[in-house]
Amino acid sequence: MATEFVKSVVGSEMAAVDALIRDRLYSDVILVRQVAEYIVTSGGKRLRPMIVLLAAQALGYQGDHHRRLAAVIEFIHTSTLLHDDVVDESGLRRGRATANALFGNAASVLVGDFLYTRAFQLMVSCGSLRVMEVLADATNIIAEGEVLQLMNIGNVDIDEAGYLQVIQYKTAKLFEAASRLGAILVEAAPEVESRMACYGMHLGTAFQIVDDVLDYTGNPDEIGKNLGDDLAEGKPTLPLIYTMRHGSPEQADAVRNALTHARREHFPAVLAAVRDCGALNYALEVARNEAEQARAMLADLAPNPAVTALLELADLAVNRSS
């Protein structure tokens, strides 16, 4: 997702983080290595660790703990992907077979646990109770978000506020932690830390809303999954919620029926409904508003290349096709 400019700002740091990730993936247990290396090297955007690095640079950090924390964030994210794909029974991610499809559910869950614990080993080595507090809280809230999402499968009564709670817990919380860590590393004033955290929360919210729109409008080769996966899993995303609230009775019924039965054959009718009633445009407008709020959180920072890169990431979160 990064532009050439963003890569130029953070490229060498990301190379160091990637090397650290590969080093810390090592385990004497060969299956752990196989599964962990497969998922970590499967072509992800590395957006969350990038935010750690950029946030630290934006605030003038001079040490090297930001690289370690960037690796921690990526390990936490990857462990959630392993667990998500088992829960969702997914067979495709980033255009490749999921780890659970290749290695089985048991191996995926257990290696996800390995990555969680490896993340905590790394964060302990930073020697900061504040860092541990933020990351422990984040992982706990992410788990709550996963359960909230599970509870809402097939829920045709969920409103927009309920949807936003799920994605802010499940997705945006790790973005928030990533940007907050940069402020913690420089021992920034509380108001600066709060604004950096808000940047991450708004950015992550925008990112997830666009992901949910791409489930209906994306190119499967670009987004790395089949269109309609969320619908087939019975997930009530923002385009569906809008259609049920503001579409015609026929459009609303098409969505309710699809969510209740969670079958992929309903996708053409639901796609027509969300497109024709303006749900996709509405969801994108909500995402753009979130991205603008993210940008506003950086307004008081002294200009530098890392701040510019963070601003670009807010734009890229909504102006993307994958």
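Residues numbered from 1 in each chain as written. Predicted model: local features only at pLDDT ≥ 70, side-chain atom pairs only at ≥ 80, totals over all residues. Heavy atoms only, no water.

For the protein chain, an unreviewed UniProt entry supplies the name Octaprenyl-diphosphate synthase and the organism Chitiniphilus shinanonensis. One UniProt comment on the protein chain, placed under Cofactor (unreviewed entry), says "Mg(2+)". The heading Sequence similarities (unreviewed entry) in the UniProt record of the protein chain holds the text "Belongs to the FPP/GGPP synthase family." (UniProt positions renumbered as here; feature names shortened; annotations may be inferred.)

What follows is about the overall build of the protein chain. Along the protein chain, the regular secondary structure elements total 16 helices and two strands. Once the C-alpha set of the protein chain is aligned to its principal axes, its extents read approximately 60 × 50 × 35 Å. Every one of the 322 residues in the protein chain was classed for burial, and the buried ones make up 53%. Sequence-distant contacts in the protein chain: of pairs separated by 6 or more residues, those separated by 24 or more amount to 78%. By element, 51% of the accessible surface of the protein chain is carried by carbon and sulfur atoms, the whole surface being about 13500 Å². Mean positive and mean negative side-chain charge positions of the protein chain (28 and 42 charges, respectively) differ by 4 Å. (Helix = DSSP H or I, 4+ residues; strand = E, 2+ residues; numbered from the N terminus. Buried < 20%, exposed > 50% of the residue type's maximum accessible area, 1.4 Å probe, protein only. Contact = heavy atoms within 4.5 Å. Areas by Shrake-Rupley, 256 points an atom, 1.4 Å probe, with all protein chains shown as cover. Lys, Arg positive; Asp, Glu negative; His and termini not counted. Charge placed at Lys NZ, Arg CZ, Asp CG, Glu CD.)

With that settled, the discussion passes to helix H2 (residues 30–40). Taken together, the buried positions of H2 are occupied by Val 32, Val 35, Ala 36, Tyr 38, Ile 39 and Val 40. In this structure, the buried residues of H2 make contact with helix H1 (4–24), helix H4 (65–88), strand E2 (96–97), helix H5 (99–103) and helix H6 (105–124).

Another aspect to go through is the nonpolar core. In a soluble, globular protein the nonpolar side chains are often hidden away together inside. Counting 72 residues, the largest nonpolar core has Leu 54, Leu 69, Leu 135 and Leu 313 as the members making the most contacts within it. With 32 residues, the next largest nonpolar core counts Leu 214, Tyr 216, Leu 259 and Ala 279 among its residues. (Core = buried A, V, L, I, M, F, W, Y, C linked by side-chain atoms within 4.5 Å.)

Moving on, we get to empty space enclosed by the protein. Under the criterion given, the structure shown has one cavity of 30 Å³ or more. Considered as a void within the structure, the largest cavity measures approximately 50 Å³ in volume. Contributing to the lining of the largest cavity are ten residues, with Tyr 38, Ile 39, Arg 93, Ala 97 and Thr 98 lying nearest its centre. Counting only elements with at least two residues in the lining of the largest cavity, the list comes to H2 and E2. When grouped by side-chain class, the residues that make up the lining of the largest cavity number four nonpolar, two polar and four charged. (1 Å grid on protein atoms, 1.4 Å probe; cavity = no way out; pocket = protein on both sides within 12 Å on 5 of 7 lines; lining within 4 Å. Points joined across faces, edges and corners; volume = space filled by probe spheres on them. Nonpolar A, V, L, I, M, F, W, Y, C, P; charged D, E, K, R; others polar.)

So, on to the packing of aromatic side chains. Pairs of aromatic rings are described using the distance from one ring centre to the other and the angle between the two planes. Counted by the stated rule, this structure contains four aromatic pairs. Both rings, one in Tyr 38 and one in Phe 103, keep their centres 5.9 Å apart while their planes meet at 75 degrees; by these two values the pair is edge-to-face. Of the two residues, Tyr 38 is situated in helix H2 and Phe 103 in helix H5; the sequence distance between them amounts to 65 residues. In this arrangement the basic side chain of Arg 320 is found over the ring face of Phe 207, its NZ or CZ atom lying 3.9 Å from the centre. (Phe/Tyr/Trp six-rings, centres within 6.5 Å; stacked < 30°, edge-to-face > 60°. Lys NZ or Arg CZ within 6 Å of the ring centre and 35° of its normal.)

With 20 residues, H6 ought to run about 28 Å at 1.5 Å a step, and its terminal C-alpha atoms sit 29 Å apart, in line with that. Among all positions of H6, only Ala 107, Ser 108, Val 111, Gly 112, Phe 114, Leu 115, Tyr 116, Arg 118, Ala 119, Leu 122 and Met 123 are buried. Elements in contact with the buried residues of H6: H1, H2, H4, H5 and helix H7 (129–151). (Expected span 1.5 Å × (residues − 1).)

Of the pockets and cavities examined, the second largest pocket occupies roughly 360 Å³. If you trace the second largest pocket, you find 17 residues lining it, with His 83, Asp 84, Val 87, Asp 88 and Glu 146 closest to the centre.

Taken as a whole, this structure holds 18 salt bridges when the rule is applied. Where Lys 173 meets Glu 176, a salt bridge forms, and the shortest distance between an N and an O atom there is 2.9 Å. Of the two residues, Lys 173 and Glu 176 both sit in helix H8 (residues 160–185), three residues apart, roughly one turn of that helix. Overall, the relative accessible area of 16% leaves Lys 173 in the buried class. Note that Lys 235 and Glu 233 form a salt bridge whose closest N and O atoms lie 2.9 Å from each other. (Salt bridge = Lys/Arg side-chain N within 4 Å of Asp/Glu carboxyl O.)

In contact at an axis separation of 9 Å, helix H12 (residues 238–246) and helix H14 (residues 267–276) are set at 75 degrees when each is read in the N-to-C sense. In this view, H12 runs roughly perpendicular relative to H14, as classed from their interaxial angle. Each of Pro 239, Leu 240 and Thr 243 in H12 lies in contact with H14, whose residues at this interface are Val 270, Ala 273 and Val 274. Of the residues in the contact of H12 with H14, the class split is five nonpolar, one polar and no charged. (Axes fitted to C-alpha atoms, helices over the stretch in contact; angles between N-to-C directions. Parallel < 35°, antiparallel > 145°, perpendicular 65-115°, else oblique.)

To continue, consider the environment of Asp 253. Mapped onto the fold, Asp 253 is located in helix H13 (residues 249–261). Distance from Asp 253 to Lys 170, taken between C-alpha atoms, is 28 Å for residues 83 residues apart in sequence.

Turning next to the side chain of Asn 152. Examined against the element boundaries, Asn 152 turns out to sit in the loop between H7 and H8. With relative accessibility at 14%, the residue Asn 152 sits in the buried group. Within the structure, the side chain of Asn 152 is placed 3.0 Å from the backbone oxygen of Leu 148, a separation counted as a polar contact. (Polar contact = N/O pair within 3.5 Å; in protein donor to acceptor, adjacent residues only side chain to side chain.)

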